[in-house]
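Given next are the chains, with one letter for each unit.
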Amino acid sequence: MARALREVVYVEGVRTAFGKATADGLFAKTRADDMVVKLVRELLRRHPSLPPERIGDVVLAATAQVGDQGLTLGRDVALLAGLPHTVPGFAIDRMCAGALTATTAGAGEIAMGACDVVLAGGVEHMGHHPMGAEVDFNPRFVAERLIDESAAVMGQTAENLHDEFPQLTRDRADAYAAASQRKAAAAWAQGVMEDIVVPMAVFGDEGWTVAARDEFLRPDTTTDRLATLRTPFRAGGRVTAGNSAGLTDGATACILAAEDVTDELGLDPTMRLVGFAYTGVEPELMGLGPIGATKRVLEQAGLSLDDVGLFELNEPFAVQVLTWCEGTGVADDDPRLNPYGGAIACGHPLAATGVRLMAQLAHGFRERPDARYGLTALCIGMGMGAAILWENLRRG
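Before going into details, it helps to say that this report is about the structure given with it. (Residues numbered from 1 in each chain as written. Predicted model: local features only at pLDDT ≥ 70, side-chain atom pairs only at ≥ 80, totals over all residues. Heavy atoms only, no water.)

**Digging into the overall build of the chain**
Inference 1: A tally of regular secondary structure across the chain gives twelve helices and twelve strands.
Inference 2: For the chain, the C-alpha radius of gyration of 20 Å lies close to 21 Å, the compact-globule estimate for 396 residues.
Inference 3: In terms of overall dimensions, the chain has a C-alpha envelope of 60 × 55 × 50 Å along the principal axes.
Inference 4: Evaluated residue by residue, the chain yields a buried proportion of 58% over its 396 residues.
Inference 5: For the chain, the proportion of contacts with a sequence separation of at least 24, taken over those separated by at least 6, is 80%.
Inference 6: A total of about 15800 Å² of accessible surface is found on the chain, and carbon and sulfur atoms cover 52% of it.
Inference 7: The positive charge centre, built from 35 side chains, and the negative charge centre, built from 52, are 2 Å apart in the chain. (Helix = DSSP H or I, 4+ residues; strand = E, 2+ residues; numbered from the N terminus. Rg over C-alpha atoms; globule rule 2.2 N^0.38 Å. Buried < 20%, exposed > 50% of the residue type's maximum accessible area, 1.4 Å probe, protein only. Contact = heavy atoms within 4.5 Å. Areas by Shrake-Rupley, 256 points an atom, 1.4 Å probe, with all protein chains shown as cover. Lys, Arg positive; Asp, Glu negative; His and termini not counted. Charge placed at Lys NZ, Arg CZ, Asp CG, Glu CD.)

See below:
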């Protein structure tokens, strides 16, 4: 039986501050699942007209699905946050695209009429669960040359991009990284993050404090300083700690809903989901992924890059953003691109990042009512890319 799909809208998204994944980082003594619980409770506090029992699913992503971000994370957090026992939940993994995949999975449930409202997001406590530490890579990958050995180390894949595109020099990557820090500093100074970042009480070596600001912010970053940093992934390489995102602890969550129930539930959505795409590329060149995903989702929607007023692209490495720019024809300094800075400045807690991109895009739409469409996109480990296209519901 044929049925009409429902339109899916984004209501609001929030995140924790992003902390260093170190023994003395902001969240070193905080559980990963408790970080998401804080966000779920905050979203419910901000939207008191939303009956918790109307939440049809809780979809949460984590790359390392073990320990304090294991179990069936969506159900775990739903129960811990005090949602009714009737609200189900589940966990997913698509590495860096975890939260974006949680979003599209939840959107599918809504579009098909399985539920009216979904909570989606992700968490990554890289201090508790270092990337790859609890992974057993099948030796056939390398022994049978299914992938290049460098595909397992993200920094090496970034160096591979520099090799593949020699015009993407270290100087150009450092210039992009310094600009990301400047834009992030301006965003914090202008209050952009006040509605997005939820302060959280955390316990540390010196007792209780409040995690309210990202630890990787370096507003005094200059290209001269970046030029002095070592290249840990290759002698004489081009990838440094300064032009990469730091290892990070953090969480995100958002409310998605069917557009036809928002008035009934007193919800005021910001964006409508237009389309999404996932693509695969050579694992050792995983940074190319969002180029194909961007082109595919624009083709689905019958749009061009000129129709898109804002881009929120993840920044695991400056060179990865620059390859997307090369592949799409967008200038490195295009004002539509990451106007509030990106992961180089705030950090990249893997599975959580997608909703950070969405929250920043939603804020950008409020500031740019002339922008009709916006894109959130990122690359994914083991050679994939993801992109979601959104329509601005706050257009003037």
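**Quick look at the packing of aromatic side chains**
Inference 1: On inspection of all chains with the given rule, the structure shows four aromatic pairs.
Inference 2: Relative to tryptophan 390, the ring of tyrosine 10 has its centre 6.0 Å away and its plane inclined at 70°; by these criteria the two rings are edge-to-face. Taken together, the positions of tyrosine 10 in strand S1 (residues 8–15) and tryptophan 390 in strand S12 (residues 384–392) put the pair 380 residues apart, joining distant regions of the chain. Note on accessibility: tyrosine 10 and tryptophan 390 belong to one class, buried.
Inference 3: Residues phenylalanine 311 and tryptophan 324 carry aromatic rings whose centres are separated by 5.2 Å and whose planes lie at 70° to one another, so their mutual orientation is edge-to-face. Placement of the pair is phenylalanine 311 in strand S10 (residues 308–313) and tryptophan 324 in helix H10 (residues 318–328), with a sequence separation of 13 residues.
Inference 4: For arginine 15, the ring lying beneath its charged end belongs to phenylalanine 18, and the centroid distance is 4.3 Å.
Inference 5: The residue whose ring lies beneath arginine 94 is tyrosine 278, and the NZ or CZ to ring-centre distance is 3.8 Å. (Phe/Tyr/Trp six-rings, centres within 6.5 Å; stacked < 30°, edge-to-face > 60°. Lys NZ or Arg CZ within 6 Å of the ring centre and 35° of its normal.)

**Let's talk about the environment of glycine 374**
Inference 1: Here glycine 374 is to be found in strand S11 (residues 373–380).
Inference 2: Each C-alpha atom of the pair glycine 374 and alanine 362 lies 8.8 Å from the other, and the pair is twelve residues apart in sequence.
Inference 3: For glycine 374, the residues in contact, after removing those within four places along its chain, are Val308, Leu310, Leu361, Phe365, Ile388, Leu389 and Trp390.

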